[in-house]
Amino acid sequence: MSTPASLADAFRPYERYQVVLRHDDGSAFSQTRDVLRGGPVVGVLAFDPDRDLLVLIRQFRLPAHLATGRGELVEIVAGRVEAGEDAATAAMRECVEEIGIAPRALIPMLSFLPTPGITDEAAQFFLGLVDSARLPARAGAAAEVEVTHPFTATIDDALAALDGNRCANGYLIIALQWLALNRARLPQMVAGASPA
């Protein structure tokens, strides 16, 4: 792999790579690939086990607006892991920024590569145990000029939206699918969670 050439360095670095790959017979071929450098990110499905509610957010996303004309999305808490942070620290910070409350515990859910053909973004998801009674009407990191609108939803309503194809955000879909598969195990997970 060649040293990357910078195509742009703005909100995220955008780089061009030359990669030489080999077929099984030993012959080689070269690819030119442009990569948006997203790096490590976290997502948190905020859950209030005392009230059996999820905490989600509404937020405007310009790329979604450009793609569909509907830029306001329902999402889970998510964001970048900053330099010097581990994933759990970033998850706690993002919860405070986006829903206005810190989880009392984080339970690892899954890790995955959201769009490996375009970006090196690598996501780590957590189930965050929160007290939804402390939820503000508006949140968001002022330094990022971010405005989020947290709200609660029952698990049944959220899963019905998933089943009804009313969820557009990939992170939300993946988190809700994980929840659907693991819902019966939630009481044991919550009981065994270590304080954050």
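Presented here is a report on the structure given in the accompanying data block. (Residues numbered from 1 in each chain as written. Predicted model: local features only at pLDDT ≥ 70, side-chain atom pairs only at ≥ 80, totals over all residues. Heavy atoms only, no water.)

A separate point is the overall build of the protein. Within the protein one finds 5 helices and 10 strands. For the C-alpha atoms alone, the extent of the protein along its principal axes is close to 60 × 40 × 40 Å. In the protein, 55% of the contacts between residues at least 6 apart in sequence involve partners at least 24 apart. Working note: accessible area of the protein is about 10,900 Å², and carbon and sulfur atoms make up 55% of it. (Helix = DSSP H or I, 4+ residues; strand = E, 2+ residues; numbered from the N terminus. Contact = heavy atoms within 4.5 Å. Areas by Shrake-Rupley, 256 points an atom, 1.4 Å probe, with all protein chains shown as cover.)

Counting residues in each nonpolar core, the largest one holds 31 residues, and the members touching the most others are L45, L127 and L176. Listing elements by their share of this core, those giving two or more residues are β4 (40–48), β5 (53–60), β8 (105–112), β9 (122–129), β10 (149–154), α3 (155–163), α4 (170–182) and α5 (186–191). Of all hydrophobic cores here, the second largest spans 15 residues; its members include V42, A46, V77 and I99. (Core = buried A, V, L, I, M, F, W, Y, C linked by side-chain atoms within 4.5 Å. Buried < 20%, exposed > 50% of the residue type's maximum accessible area, 1.4 Å probe, protein only.)

Within the chain, D52 stands out as a residue other than glycine whose phi angle is a positive 55 degrees. Note that D52 resides in the loop between β4 and β5. Here the phi dihedral of N165 falls at roughly 60 degrees; this positive angle occurs in a residue that is not glycine. If you trace the backbone, N165 turns up in the loop between α3 and α4.

Let's shift gears to a nonpolar patch on the surface. Together, L7, Y14, L36 and I118 line one region of the surface with nonpolar side chains, adding up to about 330 Å² of accessible area. Along the polypeptide, L36 turns up in strand β3 (residues 28–36). Look at L36 and you get partly exposed, because its relative accessible area is 32%. (Patch = residues over 30% accessible without salt bridge, like charges linked within 9 Å, V, L, I, M, F, W, Y side chains within 5 Å. Salt bridge = Lys/Arg side-chain N within 4 Å of Asp/Glu carboxyl O.)

This paragraph deals with the pattern of salt bridges. For the coordinates displayed, the defined rule picks out 10 salt bridges. With a closest N to O distance of 2.6 Å, D120 and R37 form a salt bridge. Placement of D120 in the loop between β8 and β9 and of R37 in the loop between β3 and β4 is noted, with a sequence separation of 83 residues between them. Given a relative accessible area of 30%, R37 falls into the partly exposed group.

With that settled, consider the pairing of β3. In the sheet, strand β2 (residues 13–22) pairs with β3 via 9 bridges, with the strands oriented antiparallel. When the bridges of β3 are listed, V19 appears paired with Q31. Joining the antiparallel neighbours β2 and β3 is a turn of 5 residues, in which G26 adopts a positive phi near 95 degrees. (Pairing = 2+ DSSP bridges.)

So, on to the sheet that holds β2. Across the sheet, which stays open at both edges, the 3 strands sit in the order β1-β2-β3 with antiparallel pairing between neighbours. Two strands lie at the open edges of the sheet, namely β1 (5–9) and β3, each paired on one side alone. Recorded for the sheet is a direction-independent mean angle of 25 degrees between the axes of neighbouring strands. (Axes fitted to C-alpha atoms, helices over the stretch in contact; angles between N-to-C directions.)

Turning next to the side chain of R12. Tracing the backbone shows R12 in the loop between β1 and β2. When near neighbours in sequence (up to four residues on either side) are disregarded, R12 contacts L36, R37, G38 and R80.

Here the focus is the environment of A133. For A133, the position within the fold is in the loop between β9 and β10. Separated by 85 residues in sequence, A133 and D48 place their C-alpha atoms 9.0 Å apart. Filtering out sequence-adjacent residues up to four positions away, A133 remains in contact with D48 and R51.

Both β1 and β2 contribute to a ladder of 4 bridges, which runs antiparallel. Residue D9 lies in a different strand from β2, and its bridge partner there is P13. In sequence, β1 turns back onto β2 through a hairpin of 3 residues.

Considering all chains together, one arrives at 3 aromatic pairs under this definition. When the centroid spacing of 5.0 Å and the interplanar angle of 85 degrees are considered together, the rings of F112 and F125 count as edge-to-face. Here F125 lies in strand β9 and F112 lies in strand β8, a separation of 13 residues in the sequence. Like F125, F112 is buried. A ring pair is formed by F125 and Y171, whose centres lie 5.1 Å apart and whose planes are at 75 degrees; its orientation type is edge-to-face. (Phe/Tyr/Trp six-rings, centres within 6.5 Å; stacked < 30°, edge-to-face > 60°.)

Distances and angles like these do not, on their own, reveal function.
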